[in-house]
Amino acid sequence: MTLTPAPLHILTINAKGLNKPEKRSGALRDFHKQRASIVMLQETHFQKGARPKLTNQHYTQGYYSDYHGGKARGTAILFHKRVPFWEGGCLSDDEGRYLFLKGEIAGRQYTFATIYAPNTRHLKQTLHKHQAFKEGTLILGGDFNVALEPSWDTSTGTSHIPNQQLQ
């Protein structure tokens, strides 16, 4: 008999700050309610060296990129206890803008990337750094602060960013 791995349910969310205990516990409950296997967060607003606990009995493994300059920005990736993740490497920045995490789940190589980008120039630089780091299947989530498909992603159907740059 062979075992079939369960599908991964990935949630990516801009948290807009998780410093209040009530907001953290509510968020963790919501992630579990949505049956998320992996949660990719942006704007955690944790200060480097003063991060509150963001794990519980369901999400036991967490990786973080915190901002060294205060309670702003920040990214995180959380794994549900059912996900047998083995870390193979981690890359983040001191600005709390991105977190790249590579490793193995059930014998398959993955790279998880959560990005909180302030503009397209920063996004391009961040993705360039990611190219040398990634291995296996790429799972990318984040708040890119850019409408990649303006006709779908904006109320006006247009973008101030030239189409060539969006490509």
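A few points on the structure. In this text the structure is predicted, and so the values were computed from the model without any measurement.

### Focus: the packing of aromatic side chains
The tally for this structure, following the rule as stated, stands at nine aromatic pairs. Pairing F79 with F112 gives two aromatic rings, centres 5.5 Å apart and planes at 80 degrees, and the pair type is edge-to-face. Linking F79 in strand β4 (residues 75–80) with F112 in strand β7 (residues 108–116), this pair joins segments that are 33 residues apart in sequence. Under the relative-accessibility criterion, F112 is labelled buried at 0%. For the pair Y110 and F112, a centre-to-centre distance of 5.8 Å together with 20 degrees between the ring planes defines the contact as stacked. The ring of F133 has K102 sitting right over it, with the charged end atom 4.5 Å from the ring centre.

### Describing the sheet that holds strand β5 (residues 85–92)
Taken together, four strands build an open sheet; the order of strands is β5-β6-β7-β8 and the sheet is mixed. Lying at the two open borders of the sheet, with one neighbouring strand each, are β5 and β8 (137–143). On average, each strand axis in the sheet is inclined to that of its neighbour by 15 degrees, with strand direction left out of account. Note that β7 and β8 share seven bridges and pair parallel. Across the sheet, the residue bridging to A113 is L140, located in β8.

### Considering unusual backbone geometry
With the exception of glycine, most residues fall at negative phi, and the peptide bonds are largely trans. In this structure, E43 takes a positive phi of about 55 degrees despite not being glycine. Mapped onto the elements, E43 comes out in the loop between β2 (38–42) and β3 (59–65). Notably, H45 is not glycine yet its phi reads approximately 65 degrees, a positive angle. Within the fold, H45 resides in the loop between β2 and β3.

### Here we look at the pairing of β5
The pairing of β5 with strand β6 (residues 98–105) spans seven bridges and is antiparallel. Across the sheet, residue W86 finds its bridge partner in β6, namely E104. The loop that links β5 with its antiparallel partner β6 comprises five residues; one of these, G96, has a positive phi angle of about 70 degrees.

### Digging into the sheet that holds strand β1 (residues 10–14)
Taken in spatial order, the four strands make up an open sheet running β1-β2-β4-β3, and their pairing is mixed. Either end of the sheet is taken by a strand with one partner, and the two such strands are β1 and β3. Looking at each pair of strands side by side, their axes are set apart by 15 degrees on average, direction ignored. Examined bridge by bridge, β3 and β4 share six bridges and lie antiparallel to one another. Paired with Y64 across the bridge in β4 is A76.

Thresholds, definitions, all that
- Counting of residues starts from 1 at the beginning of each chain's written sequence and follows it residue by residue.
- Per-residue local features are limited, in this predicted model, to residues with pLDDT of at least 70; the limit for side-chain atom pairs, both in listing and counting, is 80 or more; totals at the level of whole chains, interfaces and linings are taken over all residues.
- Computation of side-chain values covers all heavy atoms of the structure but excludes hydrogens and water.
- Geometry of aromatic contacts follows a simple scheme: Phe, Tyr and Trp rings, the Trp one being its six-membered ring, pair when their centres are within 6.5 Å, and the pair is stacked under 30 degrees between planes, edge-to-face over 60, tilted otherwise.
- Only runs of H or I of at least four residues qualify as helices and only runs of E of at least two qualify as strands under DSSP, and these elements are numbered from the N terminus.
- Summary of the burial criterion: residues with accessible area below 20% of their type's maximum are buried, those above 50% are exposed, and those between are partly exposed, where the area comes from a 1.4 Å probe applied to protein chains only.
- We call a charge positioned over a ring when the NZ of a Lys or the CZ of an Arg lies within 6 Å of the ring centre and within 35 degrees of the ring normal.
- Should DSSP find at least two bridges between two strands, the strands are regarded as paired.
- Where helices are involved, their axes are fitted lines through C-alpha atoms of the stretch in contact, as for all axes, and angles between N-to-C directions lie from 0 to 180°.

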